[in-house]
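# Examining the three-dimensional arrangement
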Amino acid sequence: MNKLIQNAVAAVAVALMLASSAIAEGITPAAFQSVVDEAYAKYKGLNEGSNADYIPILAETPSDLFGVVIVTREGAIYSAGDVDYKFAIESVSKPFTAALVMKQQGPNAIREKIGLESTGLPFNSKLSLEIHKARSVNPLVNAGAIATVSMVDAKSEKDRWNQVLANISDFAGTKLTVLEDVYDSEYENVWGNRGIANLLYDYKRLYSEPEEALRVYTRQCSIGVNALDLGVMGATLANQGVNPITGKRVMPAKDVPGLLAIMATAGFYDQSGEWLYSAGLPAKTGVGGGIVAVVPGRFAIAAFSPRLNAAGNSIRSLSAIRYISGKLGVGLFGPNPDE
Ligand code: GLU
């Protein structure tokens, strides 16, 4: 056999392997594409909610943008709509920096120094009735995420930032950059997070100088991603920590289940219970309008659209992902109880 034929045979073998592994999971490539198209068409006209505006520049993102994508653990991509538009990653960045700290210091460092609970209040707490926004830290709320950034093993602020950016870029399989106008807008208005960072420092729960942690955290939230990048980041988690596009191991496989558990319990802020109940998947949202959900061991579903509900979650994105989870029957606990 000459080289050309050998290469062609190898390519067909890979294609068959990809197709058969998708089919082996009971979902054909055509079924993946059609569920993505359906979700896009079904929610394109949903105009409820509004852009985040507490970071002024986010209010300027065109509200009608909408993209939906599935990326499988084999690296197959199925998409519809605006999956190339770069928006601010915001809180979707948080689990990925937690993954970096877990890799550097072991999962117990997050467990002991940050916490894993979504409310942190006991079963009979009266306080939770009084101040329902009060939560102790986990790595996905702002306090825990700022503390997580402060835990990255770093020699300097520059080193801390370079590691955070390189790690998230490795998850996305592409060199990501900061949307500087988002950073400026967010850092000028960062009073609430500055308060959190200073309090954590005072309580000895921050592990770098507070303004350094705040700057690196705010830059992390200002990284520009598109829906496809989020899909690849999620597919890396679905693929036990190996990026399916670049083949690079980004985190140890043993850390993945713990991280997905944290995403399942806290990825949607105060709507995490409602989300897990109705969609059954670990996920992370951001006020930029992006959401990524993971079907462990199989694929990721990501979506982007700027209009948010009161909890800060993109309405079209969450609707599309929940629809896909239900339609493909991949919710971890069984069918969506609402259907
Ligand atoms: N950078 C934003 C903040 O700290 C992230 C919020 C979010 O995406 O939920 O408020």
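Parameters at a glance
Residues numbered from 1 in each chain as written. Predicted model: local features only at pLDDT ≥ 70, side-chain atom pairs only at ≥ 80, totals over all residues. Heavy atoms only, no water. Helix = DSSP H or I, 4+ residues; strand = E, 2+ residues; numbered from the N terminus. Contact = heavy atoms within 4.5 Å. Areas by Shrake-Rupley, 256 points an atom, 1.4 Å probe, with all protein chains shown as cover. Buried < 20%, exposed > 50% of the residue type's maximum accessible area, 1.4 Å probe, protein only. Near = heavy atom within 4 Å. Polar contact = N/O pair within 3.5 Å; in protein donor to acceptor, adjacent residues only side chain to side chain. Nonpolar A, V, L, I, M, F, W, Y, C, P; charged D, E, K, R; others polar. Axes fitted to C-alpha atoms, helices over the stretch in contact; angles between N-to-C directions. Parallel < 35°, antiparallel > 145°, perpendicular 65-115°, else oblique. Pairing = 2+ DSSP bridges. Phe/Tyr/Trp six-rings, centres within 6.5 Å; stacked < 30°, edge-to-face > 60°. Lys NZ or Arg CZ within 6 Å of the ring centre and 35° of its normal. Expected span 1.5 Å × (residues − 1).

## Some points on the overall build of the protein
Each helix and strand counted, the protein has 14 helices and 7 strands in total. At a minimum sequence separation of 6, the contacts of the protein that also span at least 24 residues come to 69%. A total of about 14,600 Å² of accessible surface is found on the protein, and carbon and sulfur atoms cover 57% of it.

## Regarding the side chain of Asn313
In this fold, Asn313 is placed in the loop between strand 7 (299-304) and helix 14 (315-328). By relative accessible area, Asn313 is classed as buried at 0%.

## With respect to the environment of Ala52
When you line up the elements, Ala52 lands in the loop between helix 2 (29-43) and strand 1 (67-72). Beyond its immediate sequence surroundings of up to four residues, Ala52 is in contact with Leu58, Ala59, Val287, Pro306 and Leu308.

## Digging into the site of the ligand
Neighbouring the ligand are the residues Tyr54, Glu90, Ser91, Asn142, Glu186, Asn193, Tyr217, Cys221, Tyr269, Gly286 and Val287. In this structure, Glu186 approaches the ligand through a side-chain N or O atom, which is 2.3 Å from a nitrogen atom. The separation between an oxygen atom of the ligand and a polar main-chain atom of Val287 is 2.8 Å. Look at the ligand: alone it shows 290 Å² of surface, and the protein chains cover 95% of it. When the residues that make up the shell around the ligand are grouped by side-chain class, the tally is 5 nonpolar, 4 polar and 2 charged.

## Here's the deal with the packing of helix 3 (residues 94-105) against helix 7 (residues 157-172)
Where helix 3 contacts helix 7, the two axes come as close as 9 Å, and the packing angle between them is 105°. By the angle between their directions, the pair helix 3 and helix 7 is classed as roughly perpendicular. Taking contact as the criterion, the partners of Phe96, Thr97, Ala99, Leu100 and Gln104 in helix 3 are, on helix 7, Gln163, Val164, Asn167, Ile168 and Phe171. Here the residues of the contact of helix 3 with helix 7 sort into 6 nonpolar, 4 polar and no charged.

## Topic: the sheet that holds strand 1
Within the open sheet, the 5 strands sit side by side as 2-1-7-6-5. Their pairing is antiparallel. Pairing within the sheet leaves two strands with one partner each, and these edge strands are strand 2 (77-81) and strand 5 (283-285). Averaged over all adjacent pairs, the angle separating strand axes in this sheet is 10°, with direction ignored. Note that strand 6 (residues 290-295) and strand 7 share 6 bridges and pair antiparallel. Along strand 7, the bridge assignment pairs Gly290 with Phe304. Across the sheet, helix 2 touches strand 1, strand 2 and strand 7, and the angle it forms with strand 2 is around 20°.

## Some thoughts on the packing of aromatic side chains
The final tally for this structure, using the stated rule, is 9 aromatic pairs. Relative to Phe304, the ring of Phe87 has its centre 3.9 Å away and its plane inclined at 0°; by these criteria the two rings are stacked. Here Phe304 lies in strand 7 and Phe87 lies in strand 3 (residues 87-88), a separation of 217 residues in the sequence. You can call Phe87 buried: its relative accessible area is 3%. Taking the relative accessible area as the measure of exposure, Phe304 reaches 0% and is therefore buried. Considering the side-chain rings of Tyr183 and Tyr187, the 5.5 Å spacing of their centres and the 10° angle between planes classify their relative orientation as stacked. You can see Tyr183 and its partner Tyr187 sitting in helix 8 (residues 180-188), 4 residues apart, about one turn around the helix. Its relative accessible area of 22% is what places Tyr187 among the partly exposed residues. Members of the aromatic cluster, joined through ring pairs, are Phe32, Tyr78 and Phe299. Over the ring of Tyr187 we find Arg194; its NZ or CZ atom is 5.6 Å from the centre of that ring.

## Section: helix 14
Look at helix 14: 20 Å from first C-alpha to last across 14 residues, which is about the 20 Å you get at 1.5 Å a residue. The element helix 14 is extensively covered by neighbouring structure, given that 11 of its 14 residues are classed as buried. Among the residues of helix 14, Ile315, Arg316, Ser317, Leu318, Ser319, Ala320, Ile321, Tyr323, Ile324, Ser325 and Leu328 are the ones counted as buried. Buried positions along helix 14 lie against helix 2, strand 1, helix 13 (272-279), strand 6 and strand 7. Phi turns positive, to about 65°, at Gly329, one or two residues after helix 14.

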